[in-house]
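# Geometric and topological summary
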Amino acid sequence: MNILKKLKQILYSACLYFTASEFIILIIATAFNQLAPTNGGTAGKFLSLGSAALIFLACIAVAALNLVWRIDYSLSLRLLFHFLGCLFVWAIVAIIIPGVYTDISQIIVRSLIFAVLYLIIAFIALIVHSIKKNRATEELEYESKFENHYNK
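Read on for a plain summary of the structure. Since we're looking at a predicted model, the values are computed, not measured.

Examined against the element boundaries, R78 turns out to sit in helix α4 (residues 75–96). Summary of buried charges: R78 has no salt-bridge partner, and the nearest side chain of opposite charge, D72, is 6.7 Å away. In terms of polar contacts, R78 uses its side chain to reach the backbone carbonyl oxygen of Y73, at 3.3 Å. When residues no more than four places from it in sequence are discounted, the contact partners of R78 are V68, W69, I71 and Y73.

Okay, structure coming up:
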């Protein structure tokens, strides 16, 4: 049952990611007037059925990569695994769909954009996690272990 529960969690997260990513792509395509995949713009290429299928597979992969956070390794190692996996997924979405296989400069720029965005989001997530952890620690009531010893 544990595996079934994790598969449901992965599928649920993937559907959330897919909905959010498609909504963002639709907003970008609307802003640049590229709603038809044949308009020639990059945003329009992401709105075809084949691109949507690749994006959904990428969302499933990212949702599965989130299981890395539950492995009992150091935070830096888990972050490295998650980053490398997400970079691979990003390569599928940002390089294969637009078709920039041969232009090395575009591949490098897209990879650097991903790395910067990932680091910003990871930094914010680590700060929020640290704040929550500190609040939980502060809320614990302090009990002196020596209270009875000195009152005798």
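The tally for this structure, following the rule as stated, stands at zero disulfides. Here C15 is not disulfide-linked; the sulfur of C59 is the nearest cysteine sulfur, at 8.9 Å. Take C15: its relative accessible area is 36%, and that puts it in the partly exposed class.

One pass over the structure, following the stated rule, counts six aromatic pairs. With a centroid separation of 5.1 Å and an interplanar angle of 65°, the aromatic rings of F83 and Y118 are classed as edge-to-face. In this pair, F83 sits in helix α4 while Y118 sits in helix α5 (residues 104–139), placing the two residues 35 residues apart along the sequence. Of the two residues, F83 and Y118, both sit in the buried class. Residues F114 and Y118 carry aromatic rings whose centres are separated by 5.8 Å and whose planes lie at 40° to one another, so their mutual orientation is tilted. Of the two residues, F114 and Y118 both sit in helix α5, four residues apart, roughly one turn of that helix. Judged by its relative accessible area of 10%, F114 falls in the buried class. For Y118, a relative accessible area of 12% translates into the label buried. Through successive ring pairs, a cluster of aromatic residues spans F83, W90, F114 and Y118.

This brings us to the environment of R78. Taking relative accessible area as the criterion, R78 reaches 17% and is therefore assigned buried. The spatial distance from the C-alpha of R78 to the C-alpha of N66 is 9.7 Å, given a sequence separation of twelve residues.

The next point concerns the layout of surface pockets. By volume, the largest pocket is sized at about 1300 Å³. Along the walls of the largest pocket sit 33 residues, with V62, W90, F114, Y118 and I121 positioned nearest its centre. Residue assignment for the lining of the largest pocket shows that the elements contributing at least two residues are α1 (2–31), α2 (42–45), α3 (49–65), α4 and α5. In terms of residue class, the lining of the largest pocket is built from 27 nonpolar, five polar and one charged.

The subject of this paragraph is the packing of α1 against α3. Where α1 contacts α3, the two axes come as close as 8 Å, and the packing angle between them is 135°. By the angle between their axes, α1 is oblique relative to α3. Crossing of α1 over α3 shows right-handed handedness. Contacts from I10, L11, S13, A14, C15, Y17, F18, S21, E22 and I25 of α1 reach α3 at A52, I55, F56, C59, I60, V62, A63 and A64.

Analysis parameters
- Chains are numbered independently. Their residues run from 1 in the order of the written sequence.
- Only residues with pLDDT of 70 or above have their local features reported here, since the model is predicted, and side-chain atom pairs are shown and tallied only from 80 upward, although totals for entire chains, interfaces and linings are computed over all residues.
- The side-chain numbers reported here are obtained from all heavy atoms of the structure, hydrogens and water having been left aside.
- In DSSP terms, a helix is any run of H or I states spanning at least four residues, a strand is any run of E spanning at least two, and both are numbered starting from the N terminus.
- Note on classification: 1.4 Å probe, protein chains only; a residue is buried when its accessible area is under 20% of the maximum for its type, exposed when over 50%, partly exposed between these limits.
- Counted charges follow a simple rule, with Lys and Arg positive, Asp and Glu negative, and His plus the chain ends left uncounted.
- Take a side-chain nitrogen of Lys or Arg and a carboxyl oxygen of Asp or Glu: if they are within 4 Å of each other, that pair is a salt bridge.
- Identification of polar contacts relies on pairs of N or O atoms within 3.5 Å, with a donor-acceptor requirement for protein atoms, meaning one able to donate a hydrogen and the other able to accept it, and with residues adjacent in sequence counted only if both atoms are side-chain atoms.
- Whether two residues are in contact is decided by their heavy atoms, any of which lying within 4.5 Å being enough.
- The disulfide criterion used throughout: a pair of cysteine sulfur atoms within 2.5 Å.
- Pairs were defined over the aromatic rings of Phe, Tyr and Trp, the Trp ring being its six-membered one, requiring ring centres within 6.5 Å. Orientation was assigned from the angle between planes: stacked under 30 degrees, edge-to-face over 60, tilted for the rest.
- Lining residues are defined by having an atom within 4 Å of a point belonging to a cavity or pocket. Those points lie on a 1 Å grid over the protein atoms alone, cavities being sets where a 1.4 Å probe fits but cannot get out and pockets being open sets with protein on both sides within 12 Å along at least five of seven lines.
- Grid points are joined across faces, edges and corners, and a volume is the space filled by probe spheres set on the points.
- Residue classes follow a fixed rule: Ala, Val, Leu, Ile, Met, Phe, Trp, Tyr, Cys and Pro count as nonpolar, while Asp, Glu, Lys and Arg count as charged, and any other residue, Gly among them, counts as polar.
- Every axis corresponds to a line fitted to the C-alpha atoms, with the helix fit spanning only the stretch in contact, and the corresponding angles, defined between N-to-C directions, vary from 0 to 180 degrees.
- Just so you know how the angles are binned, under 35 degrees is roughly parallel, over 145 roughly antiparallel, 65 to 115 roughly perpendicular, and the rest oblique.
- Should the near helix be turned anticlockwise from the far one by less than a right angle, the crossing is left-handed, and should it be turned clockwise, the crossing is right-handed.

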